[in-house]
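Letter by letter, the chains look like this.
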Amino acid sequence: MKIFRTVKEYKKYFNTIQKNKIIGFVPTMGALHNGHLSLLKKSLQKCDITGISIFVNPLQFAPDDDIEQYPRQEKKDIKICEELDVDFAFIPKINEMYPEKILTMIVVSNLQDNLCGEKRKGHFNGVTTVVAKLFNIIQPNFAFFGLKDFQQYIIIKKMVKDLIFPIEIIGCEIIRERNGLAMSSRNRYLTKEEREIAPNINKALRFGIELIKEQKLTAGKIIENIRTKYLKEIKIDYLNIYDQDTLIPLEKDKIPSGKIAIAGAFFIGKARLIDNMRISL
Ligand code: PAF
């Protein structure tokens, strides 16, 4: 696997790629788990060349987030990618991505008013800005994103559409542990006891989907029911039923219908975990 640390090194390689080759790209912040692996595998199946970026992007962390605490395991990540036969990894340092103070940001408005966007102000501006930069550097045909970060996926799709990036965004289904817990780099923060509680998040969402399918209860009642049944021990950052396209919460007194997602963020110990399930009725 080729490893590029600078834009210049990557560009030199990019210029050697035949024009008819399809490039698939998986942007990551490293600490790879099976969720990332499934994205890479999708790209390897679909594309002639598959690349990954590993970059912990300071722009998407709040000033009081401890970015230094974000898990890093570069050697292990490289080994994982080599074993999968990934063609290249772009692993820049902060100075390479942000050689000077950045004055230009990409802001996808409205779609960040709810869910994590509401709770982590400015987070998605950091995500879209770095992803746009990475797209300009890598120039892929396809880019693969996990649907665990459903809001991120919707926002990036909109950015690509609005700014006419010649890239197709592929959303890939959430990979879960056997107990239903969505795979996440943050799961490593969970203690043994917390690991016992964490699967309740997915149990709660699955129960929510069952209630939605029955078409008897309003959105408000469904959320109330799943909170009492599964989430008593878990601190909820947000939990609601949203329209999948606009990411606006459904009205509490309406019976959910259409293309909807039940999504939430939860604090368990040191970890903030997100999860969602989607359904079309
Ligand atoms: O999902 C992530 O890991 C990050 O938000 C991304 C897309 C790599 C941008 O830094």
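Residues numbered from 1 in each chain as written. Predicted model: local features only at pLDDT ≥ 70, side-chain atom pairs only at ≥ 80, totals over all residues. Heavy atoms only, no water.

### With respect to the packing of aromatic side chains
- Counted under the stated rule, the structure contains 15 aromatic pairs.
- Ring geometry for Phe150 and Tyr153: centres 6.2 Å apart, planes at 35°, overall tilted. One end of the pair, Phe150, and the other, Tyr153, are both in helix α7 (residues 150-162), 3 residues apart, so they sit about a helical turn from each other.
- By relative accessible area, which is 8% here, Phe150 ends up buried. (Phe/Tyr/Trp six-rings, centres within 6.5 Å; stacked < 30°, edge-to-face > 60°. Helix = DSSP H or I, 4+ residues; strand = E, 2+ residues; numbered from the N terminus. Buried < 20%, exposed > 50% of the residue type's maximum accessible area, 1.4 Å probe, protein only.)

### Describing the sheet that holds strand β6 (residues 168-172)
- Pairing in this open sheet of 6 strands is parallel, and the strands run β1-β4-β3-β2-β5-β6 from one edge to the other. A strand with exactly one partner marks an edge of an open sheet, and here the two such strands are β1 (2-4) and β6. Strand-to-strand, the axes of this sheet are offset by a mean angle of 25°, without reference to chain direction.
- Where strand β3 (residues 49-54) and strand β4 (residues 88-90) come together, 3 bridges link them in parallel fashion. Paired with Gly51 across the bridge in β4 is Phe88.
- Contacting β1, β2 (23-28), β3 and β4, helix α1 (residues 7-14) crosses the sheet at an angle of about 135° to β1.
- Contacts between α7 and the sheet are confined to β5 (142-146) and β6, with β6 contributing the most and set at about 170° to the helix. (Pairing = 2+ DSSP bridges. Axes fitted to C-alpha atoms, helices over the stretch in contact; angles between N-to-C directions. Contact = heavy atoms within 4.5 Å.)

### Observations regarding the nonpolar core
- Core analysis: the biggest nonpolar cluster contains 48 residues, and Tyr10, Phe135 and Ile169 have the highest contact counts within it.
- For this core, the leading source of residues is helix α6 (residues 123-138), giving 9 residues.
- In this view, Ile169 contacts Phe135, Ala143, Phe145, Tyr153, Ile156, Lys157 and Val160; residues no more than four positions away in its chain are not counted.
- Counting residues in hydrophobic clusters, the runner-up holds 27 residues, among them Ala198, Ile223, Leu231 and Ile262. (Core = buried A, V, L, I, M, F, W, Y, C linked by side-chain atoms within 4.5 Å.)

### Notes on the state of the cysteines
- What the rule picks out here adds up to 0 disulfides.
- No disulfide involves Cys116; its nearest neighbouring cysteine sulfur is the one of Cys172, lying 19 Å away.
- Given a relative accessible area of 7%, Cys116 falls into the buried group. (Disulfide = S-S within 2.5 Å.)

### Thoughts on the side chain of Asn187
- Inspection of the secondary structure puts Asn187 in the loop between β6 and α8 (192-197).
- For Asn187, a relative accessible area of 3% translates into the label buried.
- When near neighbours in sequence (up to four residues on either side) are disregarded, Asn187 contacts Glu177, Leu181, Ala182, Arg195 and Leu273.

### Digging into the site of the ligand
- The environment of the ligand is made up of Pro27, Thr28, Met29, Asn57, Gln60, Val127, Val130, Val131, Phe145 and Gln152.
- In this structure, Gln152 approaches the ligand through a side-chain N or O atom, which is 2.7 Å from an oxygen atom.
- Surface burial for the ligand is 89%, taken as the share of its 290 Å² of free accessible area covered by protein chains.
- At the level of elements, β2 and α6 are the ones that each hand at least two residues to the shell around the ligand.
- With 3 residues, α6 is the single largest residue contributor to the shell around the ligand.
- The residue makeup of the shell around the ligand, split by class, is 6 nonpolar, 4 polar and no charged. (Near = heavy atom within 4 Å. Polar contact = N/O pair within 3.5 Å; in protein donor to acceptor, adjacent residues only side chain to side chain. Areas by Shrake-Rupley, 256 points an atom, 1.4 Å probe, with all protein chains shown as cover. Nonpolar A, V, L, I, M, F, W, Y, C, P; charged D, E, K, R; others polar.)

### Here we look at the sheet that holds strand β8 (residues 259-268)
- Spatial ordering of the open sheet is given by β7-β8-β9, a layout of 3 strands whose pairing is antiparallel. Each edge of the sheet is formed by a strand with only one pairing partner; in this case those strands are β7 (235-243) and β9 (271-280). Strand after strand, the sheet turns through a mean of 10° between neighbouring axes, direction not considered.
- Pairing analysis gives 10 bridges linking β8 to β9, with the strands arranged antiparallel. Bridge pairing links Ala265 to Ile274 in β9.
- Sitting on the sheet, helix α9 (residues 199-214) touches β7, β8 and β9, and the angle it makes with β9 is about 20°.

### A short note on the layout of surface pockets
- Looking at the second largest pocket, its volume works out to about 270 Å³.
- Taken together, 16 residues make up the lining of the second largest pocket; nearest its centre are Ile54, Val56, Arg72, Glu74 and Pro92.
- Taken together, the residues that form the lining of the second largest pocket break down as 9 nonpolar, 2 polar and 5 charged. (1 Å grid on protein atoms, 1.4 Å probe; cavity = no way out; pocket = protein on both sides within 12 Å on 5 of 7 lines; lining within 4 Å. Points joined across faces, edges and corners; volume = space filled by probe spheres on them.)

### Digging into the pattern of salt bridges
- Under the defined criterion, the tally for this structure stands at 12 salt bridges.
- With a closest N to O distance of 3.4 Å, Lys79 and Glu83 form a salt bridge. Of the two residues, Lys79 and Glu83 both sit in helix α3 (residues 74-84), 4 residues apart, roughly one turn of that helix. (Salt bridge = Lys/Arg side-chain N within 4 Å of Asp/Glu carboxyl O.)

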